[in-house]
Amino acid sequence: MNPYLVPAGGDGPGPLCPHTDPAHERYYVPVDHTLAAFEQFKDAIGDASLIRVTGRLVVAVGWDGCGKTSLLNRCATHLKTVLRGQGKGQCLVLSFVDACRDSDSVEVRENAVYECLIDELENRDMIKPHHREKLRGRDLKLGYLYLSKFVLGDTVVVLLLPRVEIEQEVEDYAHWTHKNIVFLVESRQIEAVRAHWPKIRDACRGSTPVQLEVGKLEPDDGWAFVQARNCHSADGEKHPFVSQETIRAVIRAKEFSIGELHNLLYGLFEEILAERANSGSLGSGLTDEVTYSTITDFYFRRGTT
Amino acid sequence: MSEHPGPAPSDNPFLMAAVAKPREFSAGTVSIPTPSITEAVSIVDSFLRPSTLPSGTVIAIVGEYGTGKSHLVGAVLHHALSAPERWRPRVAFLEARPATFVDLYKQLIGTELRRDDVCARVREFYADVLADALGESELTAGIAHRLRSGDADPVEVSDRLNLMGSKYLTRLRERLEAVTRNRAFGIVLPLLLRHDFADAAWEWLSGHHPDPVLVDRGVDTPIATEELALEAMGVIALLYSTRERKFMLAIDEMNKVVSATRKPTENAVDAFEKLIRVFAGAQALLVLAGLPDYLDELGGTVQQRIGRTILVSPLTADHAIEYIRQSQEAIGRGRVLHPFTEDTVRYLVKLTDGNARRIIRLCNHLYRHAMDLSPRDPSRARVSEAMVRKVARDQAGARSTDHVRNEIRQVLAALGLNYERDHWMDPQTDSRADYWVPYGDEEGAGCALVLTDTVLTQADCDALVSRATFLQTAAEQRQVLLIVVGLLNADFVSELGEAFSEEPISYDHWTFTETLSSVLERQLRLLDRDDALALGEERFRRLGRQQANTQRMLEQALKSLTAMRSSSERSLGQIQRELTELGSADRTAAVAESPPLRLPPSVMALFTTAQSLLDGLDQVDATLRTVFAAAAGDSANAIDARVAVRAQLRSPHLFSAVGVGALLRTLLITFRDSINEWYRSYVPSSSGGPYPVDKDRLSALCRAYDTVYEYIPFYRLEDLDGFSPQLVDGNVLLPAQIGEAQEVFNLLSGQVQAAVLESVAEGR
């Protein structure tokens, strides 16, 4: 089995999501500052019980494939674990990342998230008949405030939002951050969010928003990633071998995101494993080495055909 | 085996329309290398020459109607498109119908440059951005090379390799913003490459209101003003003139966007100047063509920035001879001049003042005419000077029919001007205006339009000069315009220009209404001016004209007096005959019983509405009855009523107004009765609808109404305004609804025709 098929069982590489599958937790690799960002998150949250008083806005920024989604999923899982551990009430992690499209207007997107939240809470019988008219079809600012004050009670909701492109949308969520509500937002617009951050911070009355930044791979990150995946490969099969020098040379050659490297190695191994299956040869993990030129050739073919 | 048959003598080598279509210009198009064409082509050549420095420029092509501006634009476009592929520019051609810069921009972005085209251009920029990022590494140099050469699609490459797409799209946005010098385009153009945003981006680029997703991104204004449209055209030029590419934009008929009657705003002129600077500073060539006044209206600063202004000169006789030879050669007849001779071509050029369109049209008719005269032996066919004159007169006659008058009516209606047909300023002289447009407060002030067919001989010219003089003598505040429907010998232009208020308007099917409209507005403005100096200049000019023509007028007056006497005698005889006939007709009508009306309600309603509106305006009958009723009652009231009526009757205008009202009433009743008669005699066809002959009869009746109605000066009914029973009763006068009534009478025949046809269709 391809050691880079993580999470296992899907169509291919994707973000880790430990709040839905706790097994994912062990696949995190400390690359491209994600571990540092996660530690920064934990430090910023500090005493998680304060969320029941002020709520929180967390924004992860970074280019495509740098691990923003996986990082926020890990943050959500952390909050769920810590808050449940305090035994003061439940913590719901709700993912609305697919509630709308990138090409919807900000207003449509924000309404879609709000409607999804109301639906979720209704399904869980948390919304009483007298709440309904207060919550449906009203200004979102008042809607979130009402939810926070009169509906959630001891429950904390951690909302994973659709990827945001417009900094104003982040600021809107900052305005709607109230007790028991945590918004986890990711954005690829690094400069725009940075430039808008003072307004976002001012909008979060009562709590300080958290900005987490993930980036490209450092020279040793590639090798750490390869090692980690080899360790987790438990099918006993001997996989093609990639040396530390090779992977360092690849990372040095151009800037990579973890997503790009993951995708590259997954695709390359798929091809090699398919060839093996066709030729019937199992080969040897040591002699079956993936060289720099193997990767270069594969990269060119993948990019152009 | 038989040889390929040559052209038949009946194959006419000359185009009847003689209107160049720049898009259709091809290697086979007959084109004479006039100095204008040679100059324009050499400018295009230097533009296309490889250069790292900005080689952009702007050419303005100006010339009068039919001189060959569009042909020149076509020649320039064709020349650019024939360049070797590596130097060939991206060419866009816009034809300015009566339009605005916004319409032109929409033509550019929607018709000339389609969505795929613009997307492909943006994709090239994106390929550059990716190639720059990937080219530095040996790992990805091969991909970078393929991206730069256009062999790999950047969006697909980014997707397949899971590249940090948003990072590179941000760089693309920055690059496009820098190239186009426009933030909104920097934001929107990259969105064309994102599948789910592309529709919204294209909508905005096409001039629509921005979708909310664009508003969210700071693009909140549509490209809907002249300034924004011009700026956007500059952006497109910049987009298409980078990456060692060149861009060429040609706009024909610029005068339909900017002219004396379509004055640009100051902001639009500034934006246009900026557009010119953008072209000059890029690898882009802008070609503007039109009547000279578009340049005048754009002002001196714009004119100074235009690299070269090419005045399209008239064809010389040598050009025309070469044109005829090439046209014959193009259809396989060899480089022959026959049936023309050099002398007849020279005469033709003189008559047409070298106007290319007129030369070609006349060549077409002359060729056919000459061949028709020698059907058995085409080699004996000859075009003579006499034939040129005859054909020119025939052609003018063919055009001087209803459609010219229709166009004049359209112009007058569009300008909101009242007019009278065949108005005599002075019955004793040849002072008939084909159209008389009263204007201003002064008695007899206004503008007279004189129509004529061809002006080929001195006698034609003299007659018109004397008519102009008679027309102008009658009043101080009067302008007189001449419209020549056919050919005008160039020798007489200046003489006629002196006699009339300005040079004659030569009728051209494509441009006549616009020209007439613009000239009329200009002349009426002169009547409006209270600027003493300007008025003095105009009077001085008029005096000069009148003095110059005095001698001729006296001679004409003598001729006229003689002619008038015999004419008056003929007219008197005619009137006496008609009166006799009318008398007997009246007696017959009195004994004959009018047929009962059998009009359907929808048709009847049209007549009733018109009748009641007319009654509202023409209340003479009701007023007089009120006077008599008052006379029978209270004596104080009777005196007041008589005083009020008498005051009105003192105005001489009242009587012509009453006449107009009576005539309109009679016309309406006659029209109604004739339609009634149509129904009586109408027989449905087997399909239930009317036979063509009945339809024709109906059309003829409606035309008859139009013909008479055209001559009735409806506006005179305004003088009946005070003559109403309210006046007699001492009540407040209600304003007459003359505009509404005129509209109803204007449209009556068309509406009646439609209603009649609809009624018979329903009856099937």
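Reading the values: the criteria
Residues numbered from 1 in each chain as written. Chains lettered and ligands numbered in written order. Predicted model: local features only at pLDDT ≥ 70, side-chain atom pairs only at ≥ 80, totals over all residues. pLDDT = per-residue confidence, 0-100. Contact = placed C-beta atoms within 7 Å. Pairing = 2+ DSSP bridges. Helix = DSSP H or I, 4+ residues; strand = E, 2+ residues; numbered from the N terminus. Axes fitted to C-alpha atoms, helices over the stretch in contact; angles between N-to-C directions. Core = buried A, V, L, I, M, F, W, Y, C linked by C-beta atoms within 7 Å. Buried ≥ 20, exposed ≤ 12 C-beta atoms within 10 Å, placed from the backbone. Right-handed = clockwise from strand over helix to strand, strands pointing away. Parallel < 35°, antiparallel > 145°, perpendicular 65-115°, else oblique. Left-handed = near helix turned anticlockwise from the far one by under 90°. Nonpolar A, V, L, I, M, F, W, Y, C, P; charged D, E, K, R; others polar.

K.L.:
In this structure, what is going on with the confidence of the model for chain B? I would like to understand it.
P.N.:
Caution is warranted with low-pLDDT regions, since their predicted coordinates should not be read in detail. For chain B, per-residue confidence averages 83 on the pLDDT scale, and 86% of positions sit at 70 or higher. Low confidence marks residues 556-560 of chain B, where pLDDT is under 50. Its contacts with residues over four positions away, or in another chain, come to five contacts.

K.L.:
Mind showing me how you'd approach the sheet that holds strand E8 (residues 446-452) of chain B here?
P.N.:
Note: strands within a sheet are paired through backbone hydrogen bonds, in either parallel or antiparallel orientation. Residues and elements named next belong to chain B. What the five strands build is an open sheet, ordered E6-E7-E8-E9-E10; its pairing is mixed. Whereas interior strands pair on both sides, the edge strands pair on one side only; in this sheet they are strand E6 (420-424) and strand E10 (505-506). Bridge count between E8 and strand E9 (residues 478-484): seven bridges; the pairing is parallel. Among the inter-strand pairings, Cys447 is bridged to a residue of E9, identified as Gln479. Of the strands in this sheet, E8, E9 and E10 touch helix H21 (residues 512-528), which is tilted by about 165° from E9.

K.L.:
Where do I start with the nonpolar core in this structure?
P.N.:
As a rule of thumb, soluble globular proteins bury nonpolar side chains together. Ranked by internal contacts, the top residues of the largest apolar core, which has 178 residues, are Leu184 of chain A together with Ile61 and Ala237 of chain B. Once you skip the residues sitting within four places of it in the chain, Leu184 of chain A turns out to touch Val58, Leu72, Cys75, Ala76, Val158, Leu159, Leu160 and Leu161 of chain A. One finds Phe340, Ala356, Val391 and Ala468 of chain B within the second-largest nonpolar core, a separate group that totals 59 residues.

K.L.:
It is not clear to me how the pairing of strand E3 (residues 156-160) of chain A should be interpreted in this structure. Could you clarify?
P.N.:
Looking along a regular strand, one sees the side chains alternate between the two faces of the sheet. Residues and elements named next belong to chain A. With five of five residues buried, E3 is to be regarded as a mostly interior element. Side chains of E3 alternate between two faces, with Val156, Val158 and Leu160 and Val157 and Leu159 buried alike. Here strand E2 (residues 91-95) pairs with E3 via five bridges, running parallel. Across the sheet, Cys91 pairs through a bridge with Val156, a residue of E3. Alignment of E3 against strand E4 (residues 181-187), held across four bridges, turns out to be parallel.

K.L.:
Teacher, can you tell me more about the pairing of strand E4 (residues 284-290) of chain B here?
P.N.:
All names here are of chain B. With respect to burial, E4 is a largely interior element, seven of its seven residues being buried. Side chains Ala284, Leu286, Leu288 and Gly290 project from E4 onto one buried face, and the interleaved Leu285, Val287 and Ala289 project onto a second face that is buried too. Strand direction decides the pairing type here: strand E1 (residues 57-62) and E4, joined by six bridges, are parallel. Bridge pairing links Val62 to Gly290 in E4. The sheet contact formed by strand E3 (residues 247-252) and E4 spans five bridges and is parallel. The partner of Ile251 across the bridge, within E4, is Leu288. Note that the unit made of E3, helix H12 (residues 266-280) and E4 has a crossover that is right-handed.

K.L.:
Sorry if this is basic, but what is going on with the packing of helix H7 (residues 167-175) of chain A against helix H8 (residues 190-203) of chain A here?
P.N.:
For any two helices packed against each other, the geometry is given by the interaxial angle and the distance between the axes. Residues and elements named next belong to chain A. Between H7 and H8, the shortest axis-to-axis distance is 9 Å and the interhelical angle comes to 20°. Judged by the inter-axis angle, H7 sits roughly parallel to H8. Along this stretch, H7 crosses H8, giving a crossing that reads as right-handed. Residue-level inspection shows Glu167, Val170, Glu171, Ala174 and His175 of H7 in contact with H8, the latter providing Ala192, Val193, His196, Lys199, Ile200 and Ala203. Here the contact of H7 with H8 is composed, by residue class, of six nonpolar, two polar and three charged.

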